[in-house]
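# Reading the structure
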Amino acid sequence: MSPDYIQKNIDELKNLGFCYIRTGFNLSTHKIIRNLCRKVARITHIPFLFRIAYVDTVQQDTKSGCIYSVPILGDTSLEEVKAIVKYAERKKYICSLMFHSICSEKQKDIDNWCYDIRKFEKLIYWLCQERANNRLDIMTTYETIDLS
C-alpha cells in the first residue's frame, strides 16, 4: 500500500480494524536528491547524508494512519542512527526505527538486514541516556498513534 492509498482510504482501513499501517521510508520532497543521499550514505556512512536521506521519514504526528520507518541495515553505523534521531529530537517529531533482526557477528555477514547486537546495545544505551536527559521518549509504534 502506498502512503497516498493509505491516506485516501484511512477511514475504510480503520473500519476494517487497522489502527495504523507501518511502511518504509518516505521520500516526499526532493526525491532525486534524497535518493542519491541514501545511496551515497550506504557507501560512505556519513551521518549528515543519512539524515538528509531520511528527513522526510520522521513525522510530526501519526494522524494520517501511516507510520514511516527508517530502515536500519546491518552496515548502518551508530552515528548515522544518532543523526536522524537527533534531528527528530530537535523537531520534537516521531522517528520510527525499523530493524529486521538483531544478530551476532557471524550472522551479520550472511544477511545485510541483520544489525549487530553490539551496535544495538550501544544504541540502546545512548537512547536511554537521551531519555534520562528528557530529550526523547521511547515507545512502541502503537503508542505513537493518535486514536482520537
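In this report, we go over the structure that sits alongside the text. If you're wondering where the values come from, they're calculated on a predicted model, not measured in any experiment.

Further remarks concern the environment of Val40. On the secondary structure map, Val40 appears in helix α3 (residues 31–44). In this structure, the C-alpha to C-alpha distance between Val40 and Ile52, residues 12 residues apart in sequence, is 11 Å.

Moving on, we get to empty space enclosed by the protein. Counted according to the given criterion, the structure contains one cavity of 30 Å³ or more. Here the largest cavity is characterised by a volume of approximately 90 Å³. In this structure, the largest cavity is lined by Arg38, Ala41, Arg42, His45, Phe50, Tyr54, Pro71, Leu73, Asp75, Thr76 and Glu80. Mapped by element, the contributors of at least two residues to the lining of the largest cavity are α3 and α4 (47–54). Residues of the lining of the largest cavity, tallied by class, amount to five nonpolar, two polar and four charged.

The subject of this paragraph is the state of the cysteines. Tallying each qualifying case throughout the model produces one disulfide. Sulfur-sulfur distance for the disulfide between Cys103 and Cys114 comes to 1.8 Å. In this pair, Cys103 sits in strand β4 (residues 101–103) while Cys114 sits in strand β5 (residues 114–116), placing the two residues 11 residues apart along the sequence. Its relative accessible area of 4% is what places Cys103 among the buried residues.

By volume, the largest pocket is sized at about 690 Å³. The wall of the largest pocket is formed by 25 residues, among which Cys95, Ser96, Asp137, Ile138 and Met139 lie closest to the centre. Those elements giving two or more residues to the lining of the largest pocket turn out to be α5 (78–91), β3 (96–99) and α7 (117–132). Counting residues per element, the lining of the largest pocket draws most heavily on α7, at five residues. Grouping the constituent residues of the lining of the largest pocket by class yields 15 nonpolar, five polar and five charged.

Following the sequence through the fold, Thr23 ends up in strand β1 (residues 21–23). Taking the relative accessible area as the measure of exposure, Thr23 reaches 19% and is therefore buried. Ignoring sequence-local partners within four residues, the contact set of Thr23 consists of Met1, Cys66, Ile67, Tyr68 and Ser69.

If you walk across this open sheet you meet the three strands as β1-β2-β3, and the pairing is parallel. A strand with exactly one partner marks an edge of an open sheet, and here the two such strands are β1 and β3. Within this sheet the neighbouring strands show an average axis-to-axis angle of 40 degrees, counted without direction. Taken together, the four bridges between strand β2 (residues 66–72) and β3 define a ladder with parallel strand orientation. Among the inter-strand pairings, Ser69 is bridged to a residue of β3, identified as Ser96.

For an α-helix the count is 3.6 residues per turn, leaving residues at separations of three or four pointing the same way. Between its first and last C-alpha, α7 extends 22 Å over 16 residues, near the 22 Å set by a 1.5 Å rise per residue. By the burial criterion, the buried members of α7 are Leu123, Trp126, Leu127 and Glu130. Looking straight down α7, one finds its buried side chains confined to an arc of 100 degrees; they lie on one side. Projecting away from the buried face of α7 at angles above 90 degrees are the exposed residues Tyr125 and Ala132. Looking at the packing, one finds that the buried side of α7 touches α5 and β3. Looking at where α7 begins, the residue whose side-chain oxygen comes 2.8 Å from the main-chain nitrogen of Arg118 is Asp116. Downstream of α7 by one or two residues, Asn134 has phi in the positive range, about 55 degrees.

Rules of the game
Residues numbered from 1 in each chain as written. Predicted model: local features only at pLDDT ≥ 70, side-chain atom pairs only at ≥ 80, totals over all residues. Heavy atoms only, no water. Helix = DSSP H or I, 4+ residues; strand = E, 2+ residues; numbered from the N terminus. 1 Å grid on protein atoms, 1.4 Å probe; cavity = no way out; pocket = protein on both sides within 12 Å on 5 of 7 lines; lining within 4 Å. Points joined across faces, edges and corners; volume = space filled by probe spheres on them. Nonpolar A, V, L, I, M, F, W, Y, C, P; charged D, E, K, R; others polar. Disulfide = S-S within 2.5 Å. Buried < 20%, exposed > 50% of the residue type's maximum accessible area, 1.4 Å probe, protein only. Contact = heavy atoms within 4.5 Å. Pairing = 2+ DSSP bridges. Axes fitted to C-alpha atoms, helices over the stretch in contact; angles between N-to-C directions. Expected span 1.5 Å × (residues − 1). Arc of directions from axis to C-beta. Polar contact = N/O pair within 3.5 Å; in protein donor to acceptor, adjacent residues only side chain to side chain.

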